[in-house]
Amino acid sequence: MNEAGILHIPDSRYCFAINENELVIRFRLAKEDRDVKVFLLYGMKYDYQTKRKEKEIFICYEDKLFVYFEVKLHLDDTRFAYIFRLEKENELYYFSEDGVTQDYDFSNAFYNFFQMPYINQADLFPCVPWMKEAVFYQIFVDRFCKGNEQKNQSYITMNWGEKPTPTNFAGGDLQGILAKLDYLSDLGINAIYLSPIFTSPSNHKYDIIDYYTIDEQFGSKKDLKQLIEVAHQKGMRVILDAVFNHCSYRSKEFMDVIRKGKESKYYSWFLIQGDFPDIKEQNYESFAACYYMPKWNTSNPEVQKHLIQIGLYWVREFDIDGWRLDVSDEVSHQFWRQFRLAIKQQKVDCVLIGENWHDAYPYLMGDQYDSIMNYAFTKACLDCFAFNRYSAQDMAEQLNHILMRNVSQVNQMNLNLLDSHDVHRIFTQVGCSKEKLLAALALMFMFPGVPCLYYGTEICMEGGYDPDSRRTFDWNMEHWDLQIMAKIKELIALKKEKIVQEGEVRIFFKGAILVIERKYNDTCLIVELNLSNQEQNLDEDISQSLIENGVRYHNVLVPYGYRISKR
């Protein structure tokens with residue numbers, strides 16, 4: 001047995017509570033040991049030496065190197081102790097805090113059993129309830145829709161429909177979004193994520209001058225309030241973009257430091273080498289290498305208080321439903337802990353979604369964000385549908401690997417996306433293949449988490465890297481492929497099903513077919529995707545085909561076709 005492949009960590013993603021009486025236990029083995037039988041030996045920790053229960057646990061996930069066993073337990077007493085017994089052929093092993101041993105001294109178990117000492121209510125990591133049924137739509141505000149024709153339009157530097165440059169302004173605004181809420185509702189969208197809307201000199205608004213004002217290009221506080229109120233009436237949530245890693249060099253705080261240097265009360269709010277910030281030399285820390293975006297010192301208690309008050313203001317005064325947290329992995333853990341406590345006290349179901357492109361587990365333990373923009377999922381889809389690097393086996397293993405990074409609650413709330421304002425558009429990446437686009441969307445909507453459409457995906461908008469990915473929305477319906485849009489609406493509608501929102505997941509492959517099973521109560525929903533360039537035969541054993549694309553003769557799936565069915 002490969003002992004180096006064995007892993008279990010108590011009070012972690014391998015052992016976590018999902019409510020006051022339920023605990024999830026995970027156990028990892030090397031893939032070559034998948035035939036080993038694993039038993040959980042568990043009980044109340046104060047009488048574990050003499051009273052124990054035993055339960056065989058089974059493989060639920062499998063990636064390239066490991067298999068993961070998982071079990072969910074309901075506990076009457078949450079002072080919980082446990083070890084594992086492993087059976088390989090005719091040999092027995094035990095796994096405890098002492099590692100792998102051939103025997104185990106239960107009389108002295110209190111020295112080395114694993115434990116979850118107690119499930120405290122304050123330590124629980126609840127799933128934000130509305131996120132289970134959410135379908136997000138990301139809007140780059142300047143490029144979605146211009147609604148206010150009476151505003152000062154002298155700032156607009158491009159015609160609607162022209163390809164943008166990094167500095168173009170197109171004129172999209174909050175009134176334009178309000179005017180298109182019925183369109184979004186008809187599409188099936190029930191949550192909107194807006195790019196930054198606060199006063200800023202750029203079209204993207206990620207260099208904020210004043211966090212307490214709406215940029216006049218986009219409208220007013222009255223416009224935002226109306227947008228949120230009407231969205232709520234339609235059952236739609238609205239989240240804003242929090243840029244708390246950096247600000248504009250034209251903000252009053254940084255300008256004060258430019259004038260006064262170390263004498264400024266804001267000097268320690270930034271990270272400066274020298275008595276004065278020098279824009280030409282850029283002797284201060286910034287976002288990337290952008291001199292115009294100086295970095296906040298989020299280890300400074302005054303900065304923490306300042307930014308937390310901003311976050312609270314827009315929740316309290318405008319009833320926003322969440323914050324997307326820009327460049328969140330470069331902001332201090334301490335700040336996010338304090339920010340979460342403050343925001344959740346103001347509005348408990350206000351969601352916090354971090355922009356972390358990598359494994360963000362240290363931020364996702366229940367004390368900082370609720371979830372992240374799941375760019376690991378994005379990359380897997382690109383490797384599969386755009387770059388032709390992943391077979392069905394590769395894709396199944398990578399998706400399982402991604403799920404094993406986090407606890408179940410995070411997996412339910414992660415924002416799964418195929419593209420965004422920061423990357424190439426997915427339709428362009430897949431070579432404008434509508435079959436691949438639909439297949440990737442089918443996967444996104446059936447994978448655990450919250451699907452997020454980037455504005456225009458539903459009308460097959462193209463675009464390369466920023467700024468090309470930020471083109472204006474084409475509102476000429478004659479240019480739309482209504483059949484593709486209808487297929488996307490079918491997928492969005494499935495998110496209303498409890499089995500998609502909460503069903504247990506199993507991801508595996510059958511030859512060139514990627515299979516995702518979602519189980520809820522006695523129902524099983526099956527997604528089959530042909531990830532090859534050849535036709536593939538499907539199993540006939542289905543009771544109801546719900547949605548399909550590219551199915552011939554009832555059981556032949558064309559390349560990148562899919563079938564979603566129930567058993």
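Note that the coordinates shown come from a computational prediction; the quantities given were computed from them, not determined experimentally.

**Q** Describe in detail the domain arrangement of the chain, supporting the description with residues and values.
**A** For an interface, size is often stated in terms of accessible area lost upon the parts coming together. Taken domain by domain, the chain consists of domain 1 (3-122), domain 2 (136-245 + 301-501), domain 3 (246-297) and domain 4 (503-566). Inter-centroid distance (C-alpha atoms) of domain 2 to domain 4 is 29 Å. Tallying the contact residues gives 29 residues for domain 2 and 28 residues for domain 4. Buried surface at the junction of domain 2 and domain 4, summed over both partners, amounts to about 2300 Å²; 73% is from carbon and sulfur atoms. Interface area lost by domain 2 to domain 4 is led by Ala392, Met446 and Ile499, which between them contribute 27%. The tally of links from domain 2 across to domain 4 stands at one salt bridge.

**Q** Summarise the pairing of strand β25 (residues 556-566); cite the residues concerned and give the values.
**A** The element β25 is extensively covered by neighbouring structure, given that eight of its 11 residues are classed as buried. The pairing of strand β22 (residues 523-530) with β25 spans five bridges and is classified as antiparallel. From the neighbouring strand, leucine 529 faces β25, where its bridge partner is tyrosine 562. Alignment of strand β23 (residues 536-537) against β25, held across two bridges, turns out to be antiparallel. If you follow asparagine 537 over to β25, its bridge partner there is valine 556. Bridge count for strand β24 (residues 544-552) against β25 is seven bridges, and the pairing is antiparallel. By the bridge assignment, valine 551 is partnered in β25 with leucine 557. Hairpin geometry of β24 and β25 is characterised by an intervening segment of three residues between the two adjacent antiparallel strands and by a positive phi of about 55° at tyrosine 553.

**Q** Before we move on, can you summarise helix α12 (residues 434-446) with the specific residues and values?
**A** Look at α12: 18 Å from first C-alpha to last across 13 residues, which is about the 18 Å you get at 1.5 Å a residue. Among the 13 residues that make up α12, 11 are buried, leaving the element largely enclosed by the rest of the structure. What α12 keeps buried is the set Lys436, Leu437, Leu438, Ala439, Ala440, Leu441, Ala442, Leu443, Met444, Phe445 and Met446.

**Q** Residues and numbers for the sheet that holds strand β14 (residues 237-242), please.
**A** The strand order β10-β11-β14-β15-β16-β17-β18-β19 describes a closed barrel built from eight strands, whose pairing is parallel. Adjacent strand axes in the sheet meet at a mean angle of 25° when their direction is disregarded. In this structure, strand β11 (residues 191-194) lies alongside β14, joined through three bridges in parallel fashion. Note that in β14 the partner of isoleucine 192 across the bridge is valine 238. Contacting β18 (415-417) and β19 (450-454), α12 runs over the sheet at an angle of about 145° to β19.

**Q** How would you sum up the packing of helix α8 (residues 375-386) against helix α9 (residues 392-403)? Please name residues and give values.
**A** The relative placement of two packed helices is expressed as an angle between their axes plus a distance between the axes. Following both chains from N to C, one finds α8 and α9 inclined at 175°, their axes separated by 10 Å at the closest point. The angle between the axes of α8 and α9 places the two elements in the roughly antiparallel class. Of the residues in α9, those in contact with Ala376, Phe377, Ala380, Cys381, Cys384 and Phe385 of α8 are Met395, Gln398, Leu399 and Ile402. When grouped by side-chain class, the residues that make up the contact of α8 with α9 number nine nonpolar, one polar and no charged.

About the thresholds
- Residues numbered from 1 in each chain as written.
- Predicted model: local features only at pLDDT ≥ 70, side-chain atom pairs only at ≥ 80, totals over all residues.
- Heavy atoms only, no water.
- Domains from an automatic or database assignment.
- Contact = heavy atoms within 4.5 Å.
- Buried area = accessible area lost by both parts, 1.4 Å probe.
- Salt bridge = Lys/Arg side-chain N within 4 Å of Asp/Glu carboxyl O.
- Buried < 20%, exposed > 50% of the residue type's maximum accessible area, 1.4 Å probe, protein only.
- Helix = DSSP H or I, 4+ residues; strand = E, 2+ residues; numbered from the N terminus.
- Pairing = 2+ DSSP bridges.
- Expected span 1.5 Å × (residues − 1).
- Axes fitted to C-alpha atoms, helices over the stretch in contact; angles between N-to-C directions.
- Parallel < 35°, antiparallel > 145°, perpendicular 65-115°, else oblique.
- Nonpolar A, V, L, I, M, F, W, Y, C, P; charged D, E, K, R; others polar.

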